Amino acid sequence: MTNETLNIWTHLLPFWFFVWRFVTALYMTDIKNDSYSWPMLVYMCTSCVYPLVSSCAHTFSSMSKNARHICYFLDYGAVNLFSLGSAIAYSAYTFPDALVCTTFHDYYVALAVLNTTLSTGLSCYSRLHQNSHSTKSLGAWLCIHCTGFLTLQSCGPRGRTEPSTVHLSIDAGTIPVPTTWPWLPNQHWFLEIKKPILCKVIRILAFAYPYIWDSLPIFYRLFLIPGESAQNEASLYHQKHMIMTLLASFLYSAHLPERLAPGRFDYIGHSHQLFHVCVILATHLQMEAILLDKTLRKEWLLATSKPFSFSQIAGAILLCIIFSLGNIIYFSAALYRTPEPELRKKET
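All values derive from a computational prediction rather than experimental measurement.

K.L.:
Describe the layout of surface pockets, naming the residues involved and giving the relevant values.
P.N.:
Empty space left among the atoms is revealed by rolling a probe the size of a water molecule over them. Of the volumes computed, that of the largest pocket is approximately 830 Å³. Lining of the largest pocket is provided by 38 residues; of these, Val79, Phe207, Thr245, Phe275 and Val279 occupy positions nearest its centre. Looking at the lining of the largest pocket, the element that brings in the most residues is helix H7 (residues 196–223), giving ten residues. When the residues that make up the lining of the largest pocket are grouped by side-chain class, the tally is 19 nonpolar, 16 polar and three charged.

This is the structure we're talking about:
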């Protein structure tokens, strides 16, 4: 058992639950003729994708140095695909009355596609920063994403520095491993080591701003003017979803509880496991809220706005996939074309 074991299962088991929900919805929907339900099906499909990809990333990331990066590149791309699925469902079912058929509503999904691309690029950049050329790459590739969870710390017992030991911290507990492992990357490969504060800021922004954009209609609905049709039971689920998302964000950034008791939560109960659980619960609450809005507001929405066409939904999803894969391929190629620093020259 490692500190990745429960990270795998906390997303693999919910994946099957969301698959069951998705298959049930498919069975009960006239897919060909019920265009009103298409955004919901897209959202439910993306809610199945991100737990599966995350589980696979945590499973195979230890195979090699490059495999670790590529696995998490794919993980972040899947998270951003889910972000777009959420935006499509929000646009179709949850917009407050006052914002339906406005300019903001018209461009909401298009800008969500752009946000997913930028988020992918920023998080990829924060994970993979080998040299000074990366700054130029960021300027040329402001359409990139991917965040790293790996930090390297040289330390020995009772805080004494020891070059023979490195602690791997995956947003969780720390596990000492020998630096002679052949797959262990050089510390100068990671922005976390070179500029940890900048890395953390980029990483948080990369995940925070797509969520904030997607949630603007919910914020308006809950705290400003919901509108008559939006005053329903779904609002309570939206509130719970928001609270659970904030809790997940806090755990992700604060590294609690392992920060308070180093070594005691290396395998069970560390922040990344709790983050996984909170994210899954938030997704479940979000799904219930969207389903309620879809049912309770159907008559008003069909009378007021036009449902998404197949080309609109497919175009948004395909653009997100293409640009995200472009980011992933770009940064994956950078892994193989950038040589490792020859640090031993300094020793001589």
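K.L.:
How would you explain the environment of valine 109 if you had to name every residue and give the values?
P.N.:
Tracing the chain through its elements places valine 109 in helix H4 (residues 103–127). For valine 109, a relative accessible area of 11% puts it in the buried group. Put simply, valine 109 and aspartate 214 are 105 residues apart on the chain and 8.8 Å apart in space, counted from C-alpha to C-alpha. Setting aside chain neighbours within four positions, we find valine 109 in contact with Leu84, Ala87, Ile88, Ser91, Phe308 and Ala316.

K.L.:
Residues and numbers for the pattern of salt bridges, please.
P.N.:
Pairs can form between side chains of opposite charge once their charged atoms are near each other. Enumeration over the complete set of coordinates arrives at three salt bridges. For aspartate 97, the salt bridge identified is with arginine 297, shortest N-O distance 3.0 Å. Pair noted here: aspartate 97 is in the loop between helix H3 (65–94) and H4 and arginine 297 is in the loop between helix H9 (271–296) and helix H10 (298–304), with a separation of 200 residues, a long-range link. Judged on exposure class, the residue aspartate 97 and its partner arginine 297 are both buried. Across the salt bridge formed by arginine 221 and aspartate 293, the nearest N and O atoms sit 2.8 Å from each other.

K.L.:
Please provide a residue-by-residue account of H3, values included.
P.N.:
Across its 30 residues, H3 extends 42 Å between first and last C-alpha, which sits within 8% of the 44 Å expected from 1.5 Å per residue. Taken across its 30 residues, H3 has 27 buried, putting it largely inside the fold. Where H3 starts, the residue carrying a side-chain oxygen 3.0 Å from the main-chain nitrogen of alanine 67 turns out to be serine 64.

How each quantity is defined
Numbering of residues begins from 1 in every chain and follows the order in which that chain's sequence is written. Totals for whole chains, interfaces and linings use all residues, but because this is a predicted model, local features are given only for residues with pLDDT of at least 70 and pairs of side-chain atoms are given and counted only at 80 or more. Water and hydrogen atoms play no part in the side-chain values, which are based on all heavy atoms of the structure. Two kinds of site are reported from a 1 Å grid over the protein atoms alone, namely cavities, where a 1.4 Å probe fits but cannot get out, and pockets, open sets with protein on both sides within 12 Å along at least five of seven lines, and residues are called lining when an atom falls within 4 Å of a point. Grid points are joined across faces, edges and corners, and a volume is the space filled by probe spheres set on the points. The helix count covers DSSP runs of H or I at least four residues long, the strand count covers runs of E at least two residues long, and both are numbered beginning at the N terminus. Each residue gets one label: Ala, Val, Leu, Ile, Met, Phe, Trp, Tyr, Cys and Pro are nonpolar, Asp, Glu, Lys and Arg are charged, and the others, such as Gly, are polar. Remark: exposure states derive from per-residue accessible area (1.4 Å probe, protein chains only) relative to the maximum for the residue type, with buried under 20%, exposed over 50%, and partly exposed in between. Contacts are assigned to residue pairs that have any heavy atoms within 4.5 Å of one another. Note on definitions: salt bridges are taken to be side-chain nitrogens of Lys or Arg within 4 Å of carboxyl oxygens of Asp or Glu. Given the number of residues in a helix, its expected span is that number minus one, multiplied by 1.5 Å. Polar contact criterion, stated in full: a pair of N or O atoms within 3.5 Å, where within protein one must be able to donate a hydrogen and the other to accept it, and residues adjacent in sequence count only if both atoms are side-chain atoms.

All we've got here are geometric facts, nothing functional implied.
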